[in-house]
Amino acid sequence: MQQFNDTSSILALLSTRKSASAKAMGEPGPAPGQLAEILRLGVRVPDHGKLAPWRFILWEGDARARFGDVMKARWAELHPEHGVESLSAVHGLFLRAPTVLGVVSSAQEHPKIPMWEQQLSAAAVCMNILYAATAMGIGCQWNTGWVAYDTGIAAAMGLKPHEKLAGLIYFGTPSGPLEDRPRPDPATLLTRWQAS
């Protein structure tokens, strides 16, 4: 098994990682080389059967506003009672950060690999992406929201019927210090199984 000489840095990253707020991100986002490296590291996850049951969708530049038009139209269709302010907020969802990455779970029925394991692998990809971006000093946040669960938005993203959006990862430069939040005490979550 590979040994790491810089274990303290890895443990420091794990113990201090915090999400940046997509609402408080500015330019720049990751450079093309950084994004390529983030994705390279992102796919180094457990993947039973070597199925690679995930893929990516990237929104940068004008594509964010153009997809904002799509989300705004869909929101107006779903909520015709909502006014200009609500529609404007929906239109600006992807404009909050310079780069938005969709992680798509493409899990399918398999004779040996349960769907759940494939879906968990996509979640692991999201987490690896957060670790990689954080290690590079890039602000990042994993979100879902209504766009992750709406069939109309899924179609506009080009998702196939068996695919689901595992997460939207927002990348950018935080406008201020990242805030930590209270974390649970693992001891309160641990049960030691014993034979009865």
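Look a little higher up for the structure.
In this report, we go over the structure that sits alongside the text. (Residues numbered from 1 in each chain as written. Predicted model: local features only at pLDDT ≥ 70, side-chain atom pairs only at ≥ 80, totals over all residues. Heavy atoms only, no water.)

## Description of the environment of leucine 120
Within the element layout of this structure, leucine 120 appears in helix H5 (residues 115–135). Judged by its relative accessible area of 41%, leucine 120 is partly exposed. Expressed as a C-alpha distance, the spacing of leucine 120 and alanine 166, which sit 46 residues apart in the sequence, is 9.3 Å. (Helix = DSSP H or I, 4+ residues; strand = E, 2+ residues; numbered from the N terminus. Buried < 20%, exposed > 50% of the residue type's maximum accessible area, 1.4 Å probe, protein only.)

## Examining the side chain of glutamine 118
Note on placement: glutamine 118 falls in helix H5. If sequence neighbours within four positions are ignored, glutamine 118 has contacts with Leu51, Pro53, Ala107, Gln108, His110 and Ile113. (Contact = heavy atoms within 4.5 Å.)

## Observations concerning the environment of leucine 159
Note that leucine 159 resides in the loop between helix H6 (151–157) and strand S5 (164–174). Once residues within four sequence positions are removed from consideration, leucine 159 is found in contact with Arg55, Ile57, Val104, Ala154, Lys164 and Leu165.

## Thoughts on the pattern of salt bridges
Enumeration over the complete set of coordinates arrives at five salt bridges. Note that glutamate 37 is salt-bridged to arginine 40, the shortest N-O span being 2.8 Å. You can see glutamate 37 and its partner arginine 40 sitting in helix H2 (residues 32–42), three residues apart, about one turn around the helix. You can call arginine 40 partly exposed: its relative accessible area is 46%. Where glutamate 163 meets arginine 55, a salt bridge forms, and the shortest distance between an N and an O atom there is 2.8 Å. Here glutamate 163 is found in the loop between H6 and S5, whereas its partner arginine 55 is found in strand S2 (residues 54–60), with 108 residues between them in sequence. What emerges from the salt-bridge pattern is a single network uniting Arg74, Glu77 and Asp150. (Salt bridge = Lys/Arg side-chain N within 4 Å of Asp/Glu carboxyl O.)

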